[in-house]
Amino acid sequence: PGLGYIKAGDEATGIIAFILVSVLSALTYFSFSTDNKPVGIFFGAMTVTFYSGSIIGGYLASRRFNNRIRKNTKENIFYEMSLVDDREYILTNYGIFRAGKR
């Protein structure tokens, strides 16, 4: 739990999710090992809830992160491949147009 958040750059949320699920898991284990089943069921339900939320939240955070990278990559490629300046240079120096004449 928490690795999806960490991958997406949200380290604090990832660490908190890991600690919270770990503590709740330990409380569930100790509750059942001491024959305190009602408390164990409560902590078990909380563990499953937070673990499931961590999985879903980490997945969504990773998707947002990946979409942001994809968008930035497309913009950078489009900017780097922009042929407007190159086209003007080629046409002015080697093509139909000569400097100052159009």
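Residues numbered from 1 in each chain as written. Predicted model: local features only at pLDDT ≥ 70, side-chain atom pairs only at ≥ 80, totals over all residues. Heavy atoms only, no water.

Student: Help me get a handle on the environment of D10, residues and values and all.
Tutor: Structurally, D10 is set in the loop between α1 (3-7) and α2 (11-33). Judged by its relative accessible area of 34%, D10 is partly exposed. Taking the C-alpha atoms as reference points, D10 and S62, 52 residues apart in sequence, are found 9.7 Å from one another. For D10, the side chain forms a polar contact with the side chain of T13, separated by 2.8 Å. (Helix = DSSP H or I, 4+ residues; strand = E, 2+ residues; numbered from the N terminus. Buried < 20%, exposed > 50% of the residue type's maximum accessible area, 1.4 Å probe, protein only. Polar contact = N/O pair within 3.5 Å; in protein donor to acceptor, adjacent residues only side chain to side chain.)

Student: Describe the side chain of T47, listing the residues and the values that go with them.
Tutor: Relative to the assigned elements, T47 resides in helix α3 (residues 37-80). Under the relative-accessibility criterion, T47 is labelled buried at 11%. A polar atom in the side chain of T47 sits 2.8 Å from the backbone oxygen of F43. Every residue in contact with T47, bar those within four places of it in the chain, is listed here: V21, L24, S25 and T28. (Contact = heavy atoms within 4.5 Å.)

Student: Describe the confidence of the model for the chain, listing the residues and the values that go with them.
Tutor: In this model, the chain carries an average pLDDT of 84, and 88% of its residues clear a pLDDT of 70 or more. At the low end of the mean pLDDT range in the chain sits helix α4 (residues 84-93), at 72; at the high end sits α2, at 92. (pLDDT = per-residue confidence, 0-100.)

Student: Give a detailed account of a nonpolar patch on the surface, specifying residues and quantitative values.
Tutor: The grouping of L3, I6, I15, F18, I19, V23 and L27 at the surface amounts to a nonpolar patch, some 640 Å² of accessible area in total. The leading source of residues in the nonpolar patch is α2, at 5 residues. Positionally, L3 belongs in helix α1. (Patch = residues over 30% accessible without salt bridge, like charges linked within 9 Å, V, L, I, M, F, W, Y side chains within 5 Å. Areas by Shrake-Rupley, 256 points an atom, 1.4 Å probe, with all protein chains shown as cover. Salt bridge = Lys/Arg side-chain N within 4 Å of Asp/Glu carboxyl O.)

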